[in-house]
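Each chain, written out:
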Amino acid sequence: VEVKIEVVIPEKERSKEEMSPNGKASPLIYKVNGTARHYHLEEHPIASNPYHHPKDLVEASVCHVKDLENGQMREVDLGCGKALLIKEGGEFHAVGHKCPHYGAPLVKGVLSKGRVRCPWHGACFNISTGDIEDFPGLDSLPRFQVKIEKEKVYIRASKQALQTQRRTKMMAKCISLSNYNLSSTNVLIIGAGAAGLVCAETLRQEGFSDRIVMCTMDRHLPYDRPKLKKWLYLQSMDSHPEQIALRPKEFFCTYDIEVLTEMQVAAVDVKNKVAMFKDGFKMEYNKLLVATGNTPKALSCKGKEVENIFNIRTPEDANRVVKLATSKNVVIVGASFLGMEVAAYLAERAHSVSVVELEEVPFKKFFGERVGRAIMKMFESNRVKFYMQTEVSELREQEGKLKEVVLKSGKVLRADVCVVGVGAVPATSFLKQSGINIDSKGFIVVNKMMQTNIPGVFAAGDAVTFPLALRNNKKVNVPHWQMAHMHGRVAAQNMLAHGMEISTVPYLWTAMFGKSIRYAGHGEGFDDVVIQGDLDELKFVAFYTKSDEVVAVASMNYDPIVSKVAEILAAGRTIRKRDVDTAIFFLFFRTGDMSWLTGKGS
């Protein structure tokens, strides 16, 4: 028996690619001197399907049909690239072998019930279609057809697909865009982060061919915010904002997604379906998505107005910080994810890095005291000093620029640069008089379909609270990059009345000094932490429990345990505290056998 893999383009998707309703790229809209202006980029259509030419195909024998058991994956080499060969339920499947997000090897991920989950950041892909089913990331995997002949496995694949390892799903385009009124759109998306972009892309993927307008206060097209901290390291290589863009400019033209940059919405009239911009411009809409994210908290102490104090929100912020911090004294206020990541990246560049934090240890509320202390020890071994259980009382200047940071404990720190990471508040103040339901903390309240209390108005991302299925539909705020992606997809599906409900498991990661921490679940309010492994060696797994139930898991140097647990939680199974004892846990990790867990619980 032979297995052959060949790229096949469904007729429905092929017709989408070959036909363009309006025959031309749509304009982006940019803010220029206070006026919204259209312009057309030079047309460079993005080839979503590069597999038409027979000369581009390669075929190779990779293994015997009996080499793979059910539930196994193998990375196979075709000479000019690799593919992921999978056997599940007696059937063979083949897709790209790298996660399109950051390039993780999917063979080291988790295979479960028709999908493979990335070992690094939790993105999920359907093994039959290659389609992305959970995030982060925007692209799907290339899929290859499988044939079985004479007990040998052959793979036939496109050379280009093997090289790119990604596939952009087919999308519709806007019909008769030139006939639209500039001040009217069918879908208006306020915010151009992950939630907003995924919403726009999902609408196009589902065949929506009416006008879509995104608006953002930022000067750039949507970019990968988690990469901003890495931006600090890239400065010496003459980097540009386009290097962290989620999509190139040509993408927005090709798929008729219009973007208003440096445009701030000042108010929304939900009765008349009109958004009013700060410069007086008004835009009517039919459906609205609010995905404005959050606004960093500022320091309230004396001297807060002096120069060289930053929140890192944009590439420009990162540019200035890295230039000013090199060989200088840096003070980080707040041992948050932002603060700690920036501290780690600047440790080798700055003369000194100090972290000021009100809590006793970093991440105590999120990772617990023991894990927090282990992380703190890692930072201290890399020349980062901590000043805990205190806060800033004054910022002193010399010739208008920061010179010293005075703490309430009386300690005075030399400082040329200060990076503030003391939390954020939802960017929803412009909605206070709109009638949209906002809670006491400023978060927009939505249901499982990302709908607000106003028909036709949806909200997504860091600015919302939503029912989390994992925690019995408790209303929570989950400001994670992955969750924002899923919010955007669910909102788009329900703009089209598809009735999709949010059910994803939260998944996040952080990287410090070349070491990554993975986290899945929602551990808010945990009452105990069961730790396996060695915290001193930074090789551990921490299970966060509430009563007798595991509600979250974190790990360092134990991939893909977090992705495995995420799959169990996604299946609606309950992991009990007693299930994570040492002997059973290590058997689970080494064999990858999840049956002992999936057969238990609800």
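These remarks concern the structure in this document. Chains are numbered independently. Their residues run from 1 in the order of the written sequence. Note on the predicted model: pLDDT of at least 70 is required for a residue's local features to be given, and 80 or more for side-chain atom pairs to be given and counted; whole-chain, interface and lining totals, by contrast, use all residues. Water and hydrogen atoms play no part in the side-chain values, which are based on all heavy atoms of the structure.

1. Concerning the sheet that holds strand β10 (residues 124-126)
Now for step 1: Paired strands, as defined in this entry, are two strands with at least two bridges between them according to DSSP. Every helix listed is a DSSP run of H or I at least four residues long, and every strand listed is a run of E at least two residues long, numbered separately from the N terminus. Spatially, β8-β9-β10-β11 is the arrangement adopted by the 4 strands of the open sheet, whose pairing is antiparallel. Strands with a single pairing partner mark the edges of an open sheet, and in this sheet they are β8 (110-112) and β11 (132-134). Between one strand axis and the next, the sheet turns through 30° on average, direction left out of account.
Now for step 2: Here a residue-residue contact requires only that any non-hydrogen atoms of the pair lie within 4.5 Å. All axes here are fitted lines through C-alpha atoms, helices being fitted over the stretch that makes contact, and every angle between N-to-C directions spans 0 to 180 degrees. Strand contacts of helix α11 (residues 561-570): β8, β9 (115-117) and β10, with the helix running at about 135° to β9, the strand carrying the most contacts.

2. Observations regarding the environment of alanine 267
Now for step 1: Turning to its location among the elements, alanine 267 is positioned in strand β17 (residues 265-269).
Now for step 2: The spacing of alanine 267 and threonine 428 is 161 residues in sequence and 9.9 Å in space, taken between C-alpha atoms.
Now for step 3: With residues near it in sequence (within four places) discarded, alanine 267 still touches Val274, Ala275, Met276 and Phe430.

3. Some details on the pattern of salt bridges
Now for step 1: Salt bridge, as applied in this entry: a Lys or Arg side-chain nitrogen positioned within 4 Å of an Asp or Glu carboxyl oxygen. Within the structure shown, the criterion is met by 24 salt bridges.
Now for step 2: Among the ionic pairs, arginine 74 bridges to aspartate 67, the shortest N-O distance being 3.8 Å.
Now for step 3: By relative accessible area, which is 31% here, arginine 74 ends up partly exposed.
Now for step 4: Across the salt bridge formed by arginine 225 and aspartate 218, the nearest N and O atoms sit 3.8 Å from each other.
Now for step 5: When a residue's accessible area, from a 1.4 Å probe over protein chains only, is under 20% of the maximum for its type it is buried; when over 50% it is exposed; and in between it is partly exposed. Given a relative accessible area of 11%, aspartate 218 falls into the buried group.
Now for step 6: Within this structure, Asp139, Arg166, Glu201 and Arg247 form a network of salt bridges that share partners.

4. Points about the sheet that holds strand β28 (residues 412-414)
Hydrogen bonds between backbone atoms are what pair the strands of a sheet, whose relative direction is either parallel or antiparallel.
Now for step 1: In space, the 3 strands of this open sheet follow the order β26-β27-β28, with antiparallel pairing throughout. Among the strands making up the open sheet, the edge pair consists of β26 (392-398) and β28. Within the sheet, the average angular offset between the axes of one strand and its neighbour, ignoring direction, is 30°.
Now for step 2: Where strand β27 (residues 401-407) and β28 come together, 3 bridges link them in antiparallel fashion. For valine 406, the partnering residue across the bridge sits in β28 and is valine 412.

The values are spatial; any link to function lies outside them.
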